[in-house]
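Architecture and fold: a report
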Amino acid sequence: MNSRKVDFRIFNLRQVYIISKIKLAALITVFAFLSASLHAQTKYMIGGIVRDSSSAQPVSYATIGLIDNQNNVITSTLSDENGTFNLMADKPGDYSIQISFIGYATRILPVRVLSNTLNLSIPIILLNPVATNLKEVTVSAQKNIIEVHPGMLVYNAANDLTNKGGTAADVLRKAPILNVDPQGNVSMRGSTNLKILIDGKYSGQMARNAADALNMMPADAIKSVEVITTPSAKYDAEGAAGVINIITRKGRKNLDGALELTASNLEQAFNPRVAFTIGKWNFSFHGHLHQLRSKEGSTYLRTQPGNGSDVAQLEQQVEQDNTAPHGSGDFQVTFSPDSSSEFNLAINSSIGNWPGDKDIKTITRSATGGILEQYSQHIDASERYLSGDFNIGYFRKFKKSGQQLNILAQMAPRKSEAPYYTLISYMTSQPQYQEYNTNEIKNREWTFQADYIHPFSSTGKYSIESGLKAILRNADNNYQVSVADPDLEGIAQIDAARSDRFSYKQNVWSAYMMGKANLPNNWYAEAGVRAEETQIQGDLLQSGTKFSNHFINLIPTATVSRKINDAHTITLSYTQRLTRPSIWDLNPNANASDPKNITTGNPRLKPEIAQQAELVYGLNRVSGFFLNTSLYVKQTNNAIMSFTQTDANGISITQERNLASNKMAGLNLSSSGSITKNWTVNGNLNVSYLNFNSDALQIVNTGWAADINLNTTMKLPSHYSLQVFGQYNGRKVTLQGYKSGQYFHSLAVKKEIPDKKINITLAFINPFSTYISQKVVLNSRSFESSESNRYYSLAVKLTLNWEFGSMFSQRERKKIKNDDVSGPPKS
């Protein structure tokens with residue numbers, strides 16, 4: 001065997017030319033935006049802090065409006081969690097600041113902005129608690145569509161009116177930095193190894209399959225999306241690319257709710273939502289009933305070279321057309337005995353049946369082209385599941401401003417059945433082959449968490465945050481394979497070598513501490529360290545095979561940020577991330593539903609560690625224009641990667657392995673703004689360079705990749721609006737080959753009936769193509785394969801949304817943040 005490394009770093013001139021143009025366009029875009037910002041007009045910033053007059057606690061999300069001497073509202077904003085706010089005035093003069101919030105008396109303060117004062121600081125503003133009617137609030141404010149925080153971007157989806165109808169996947173397509181492919185798989189800067197939380201808590205459904213879970217959440221239930229590119233020490237170390245936290249809407253006063261109906265040729269959905277408050281109790285419920293059709297096809301060709309010539313060839317045609325009914329419900333109760341404490345109970349449950357039926361036609365050929373084997377195959381496969389997340393929490397604010405204690409507990413049970421039945425019918429008189437795999441899985445997980453913030457001053461300039469967490473996981477997989485082989489006269493018999501009971505335990509103990517400092521001249525710094533101890537134990541009960549692992553990781557994080565003014569921010573961050581193998585990666589239960597292409601787990605997997613640094617420039621103007629420019633580098637050692645190999649019989653086996661290092665460097669641009677008063681545009685561009693290197697396999701594979709998406713919305717007369725979305729994911733190299741590019745587009749027309757609070761949306765999904773195509777190529781010394789996939793996504797969708805009651809609050813609940821588990825591999 002030749003020991004020379006296989007090098008895939010070969011690009012034709014056309015690819016090099018295209019890549020160079022992409023990089024040049026990105027640099028020109030950055031230069032143009034920076035030049036525009038440097039020539040911006042002078043702004044005068046007015047800042048202050050809002051607090052409760054009786055408890056001295058910050059008043060979060062109070063509405064602050066800047067009013068001129070003609071009683072016109074110049075601008076408005078909301079105070080943050082610390083009660084802090086900033087307003088921008090275009091010119092000097094006399095103004096009034098109006099502060100209002102439910103349950104407090106409205107205050108109006110006169111302010112004078114002088115020409116020689118660019119930053120005006122107002123003394124602490126105290127609000128007096130009273131019983132205030134909602135109609136007394138005369139100044140309304142909305143957060144910007146996108147907000148910039150150190151190490152995090154926030155997409156305020158509730159303020160984007162185009163999000164009526166659709167699912168959470170549609171919302172994430174509009175969020176900065178993120179990319180969602182046509183199949184609903186989410187990536188951040190080209191990596192799908194990230195964690196998705198719901199209201200800051202772990203979701204068993206998200207861990208199982210994020211793409212499916214996002215299709216189970218209606219877009220209208222989402223308040224905001226937090227995109228955390230460099231998670232601090234307070235977050236679980238799991239998730240190499242970063243963390244996404246989806247914040248759902250909550251009710252505050254009276255009765256809030258919505259009913260949504262969606263119908264199309266590919267999906268039907270009903271999404272009820274209701275929330276109300278009785279005294280000190282708050283109740284909310286989100287429901288989702290969904291039926292989704294998935295139609296795909298593929299052509300697969302694999303050759304095995306030997307002695308310079310092909311000795312075997314596999315040809316397959318695969319067709320699948322499945323409909324998956326599923327549903328979920330989320331119920332929350334919050335009790336607030338006073339303004340300083342809160343008790344929370346949340347229950348989430350999901351149920352569904354995701355079929356994976358396939359029809360496969362297979363032909364194997366000899367080196368001379370003669371047919372060795374020919375058969376048709378039908379596979380009945382599905383995953384039927386029932387899961388729940390039960391959360392209980394206590395939150396306490398102390399008299400000292402910023403001092404907080406948060407105690408949380410969660411239990412997450414799950415039960416699923418993922419059997420498959422395969423029937424092979426040969427073209428000859430040979431008897432049929434049948435195989436059945438039961439595959440029953442039970443999971444139970446307990447989580448306990450405590451977080452404490454201690455400020456060292458009343459202003460909260462310096463503080464320490466610390467916490468403890470324990471995650472106790474138990475999983476049990478009972479699988480039995482029965483085979484009716486023609487050699488055994490078609491009598492079904494249990495295959496003992498492929499049947500077993502896999503018991504798996506994983507305990508994660510962690511503690512963290514981090515310091516935060518708001519320094520002079522608008523500097524901000526934070527640094528911390530997180531210690532995580534992981535104990536893993538696996539047991540194959542029938543075969544007697546056992547394995548265990550134990551490791552301790554120290555994860556440092558650091559961020560330094562400078563707020564040049566209210567519009568410009570520069571941030572430098574560093575973090576380490578950890579990826580542990582999940583039960584899906586470790587489970588040795590082989591899926592042999594297609595006997596020519598087998599997938600299985602690898603009990604010998606070890607965790608991978610990634611180091612990441614990024615430099616970010618953020619521009620966020622009062623006008624609503626937003627730009628985030630990020631340069632990033634990432635190094636992953638002992639990376640967990642999918643690896644495929646073939647044997648002498650032409651059978652491929654795919655499993656996860658620790659085989660290579662992975663280096664990535666890139667540029668990310670996210671921007672949004674208004675071209676005119678009624679025309680908004682937002683988009684993302686990510687350009688990266690990937691380097692895979694495996695000494696064990698003697699493989700080097702490198703290449704450029706680029707993803708871009710663009711979304712535009714135009715408001716038309718008579719309460720109509722038009723939205724157009726387009727996305728292109730460029731060619732990406734993998735350890736053993738590459739995936740070709742693919743594109744996705746949609747067009748939507750919306751009609752609003754304001755007095756009835758009704759929205760009607762007609763959407764066209766991929767109207768100019770029957771299907772989305774993508775080619776997957778793998779190469780090794782033992783085989784070469786090419787798979788041409790077709791994803792049928794052409795759809796016409798009609799959505800009716802009716803809202804009732806008052807507006808939803810922007811208040812966030814505290815929840816468990818289990819962001820440390822990996823999801824199952826994509827099929």
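Keep in mind that what you see is a predicted model, and the values were worked out from it rather than measured. (Residues numbered from 1 in each chain as written. Predicted model: local features only at pLDDT ≥ 70, side-chain atom pairs only at ≥ 80, totals over all residues. Heavy atoms only, no water.)

Moving on, we get to the overall build of the protein. Looking only at helices and strands, the protein has 5 helices and 48 strands in total. By residue count, 52% of the 827 residues in the protein fall in the buried class. Look at the contacts in the protein between residues 6 or more apart in sequence, and 67% of them connect residues 24 or more apart. (Helix = DSSP H or I, 4+ residues; strand = E, 2+ residues; numbered from the N terminus. Buried < 20%, exposed > 50% of the residue type's maximum accessible area, 1.4 Å probe, protein only. Contact = heavy atoms within 4.5 Å.)

This part takes up the sheet that holds strand β11 (residues 152-155). Ordered in space as β10-β11-β15-β16-β14, the 5 strands form an open sheet in which the pairing is mixed. Strand pairing shows two members of the sheet lacking a second neighbour, β10 (146-149) and β14 (194-198), which therefore form its edges. Strand-to-strand twist of the sheet, defined as the mean angle between neighbouring strand axes without regard to direction, takes the value 15°. Where β10 meets β11, 4 bridges bridge the pair, whose relative direction is antiparallel. Within the sheet, the bridge partner assigned to Glu147 lies in β11 and is Val154. (Pairing = 2+ DSSP bridges. Axes fitted to C-alpha atoms, helices over the stretch in contact; angles between N-to-C directions.)

Another aspect to go through is the packing of aromatic side chains. All chains considered together, the criterion is met by 14 aromatic pairs. Arranged with centres 6.1 Å apart and planes meeting at 40°, the rings of Phe101 and Tyr104 form a pair that is tilted. Residue Phe101 shares its accessibility class with Tyr104, and that shared class is buried. Ring geometry for Phe276 versus Phe283: centroids 5.1 Å apart, planes at 25°, classification stacked. (Phe/Tyr/Trp six-rings, centres within 6.5 Å; stacked < 30°, edge-to-face > 60°.)

It is worth spelling out the pattern of salt bridges at this point. Side-chain pairing between opposite charges can occur once the charged atoms of the two side chains come close. In this structure the tally under the stated criterion is 20 salt bridges. Between Glu319 and Arg790 there is a salt bridge, with its nearest N and O atoms 2.8 Å apart. Of this pair, Glu319 sits in strand β20 (residues 309-338) while Arg790 is found in strand β47 (residues 784-792), placing the two residues 471 residues apart along the sequence. Exposure remark for Arg790: the relative accessible area of 15% places this residue in the buried category. (Salt bridge = Lys/Arg side-chain N within 4 Å of Asp/Glu carboxyl O.)

Attention now moves to the environment of Asn553. Following the sequence through the fold, Asn553 ends up in strand β33 (residues 545-563). Along the chain, Asn553 and Glu532 lie 21 residues apart, while their C-alpha atoms are 5.3 Å from each other. The contact partners of Asn553, leaving out residues within four places of it in the chain, are Arg530, Ala531, Glu532, Leu578 and Ile609.

In spatial order, the strands read β4-β3-β6-β7; together these 4 strands make up an open sheet with antiparallel pairing. Taken across any chain shown, the strands that pair with only one partner, and hence form the sheet edges, are β4 (73-78) and β7 (107-113). Each neighbouring strand pair of the sheet contributes to a mean axis angle of 20°, computed without reference to strand direction. Relative to β7, strand β6 (residues 93-100) runs antiparallel, the two being bridged by 7 bridges. Counted as the bridge partner of Ser96 is Pro110 from β7.

Turning our eyes to something else, we now look at the environment of Val333. Mapped onto the elements, Val333 comes out in strand β20. Val333 sits 48 residues away from Phe285 along the chain, and the two C-alpha atoms are 9.1 Å apart. If sequence neighbours within four positions are ignored, Val333 has contacts with Trp281, Asn282, Phe283, Phe343, Asn344 and Leu345.

Turning next to the pairing of strand β32 (residues 523-540). In this structure, strand β31 (residues 500-519) lies alongside β32, joined through 18 bridges in antiparallel fashion. Each residue of the ladder has a partner; that of Trp509, found in β32, is Glu533. Between β31 and β32, which pair antiparallel and follow one another directly, the connecting turn spans 3 residues, one of which, Asn521, has a positive phi of 60°. The sheet contact formed by β32 and β33 spans 18 bridges and is antiparallel.

On average, residues of the protein score 82 in pLDDT, and 85% of them are at 70 or above. When the criterion is pLDDT under 50, residues 807-817 qualifies, and its contacts beyond four places in sequence or with other chains add up to 59 contacts. Counted against residues more than four places away or in other chains, residues 821-827, with its pLDDT under 50, gives 27 contacts. (pLDDT = per-residue confidence, 0-100.)

One non-glycine residue, Gln698, lies in the positive phi region at around 55°. Gln698 gets classed as partly exposed once you look at its relative accessible area, which sits at 26%. Despite not being glycine, Asn766 has its phi angle at roughly 45°, a positive value.

The next point concerns the pairing of β4. Strand direction decides the pairing type here: strand β3 (residues 63-68) and β4, joined by 5 bridges, are antiparallel. Following the sheet pairing, Leu66 is matched in β4 by Thr75. Connecting the antiparallel pair β3 and β4 is a turn made up of 4 residues, with Asn71 showing a positive phi of about 65°.

Turning to a nonpolar patch on the surface, a few remarks are in order. Taken together, the side chains of Leu259, Leu261, Phe270, Leu289, Ile760, Leu762, Val796, Leu798, Leu800 and Trp802 define a hydrophobic patch exposed on the protein surface, amounting to about 830 Å² of accessible area. Put simply, the parts of the chain that give the nonpolar patch at least two residues each are β17 (255-264), β45 (758-765) and β48 (795-805). The element best represented in the nonpolar patch is β48, accounting for 4 residues. Of note, Val796 is situated in strand β48. (Patch = residues over 30% accessible without salt bridge, like charges linked within 9 Å, V, L, I, M, F, W, Y side chains within 5 Å. Areas by Shrake-Rupley, 256 points an atom, 1.4 Å probe, with all protein chains shown as cover.)

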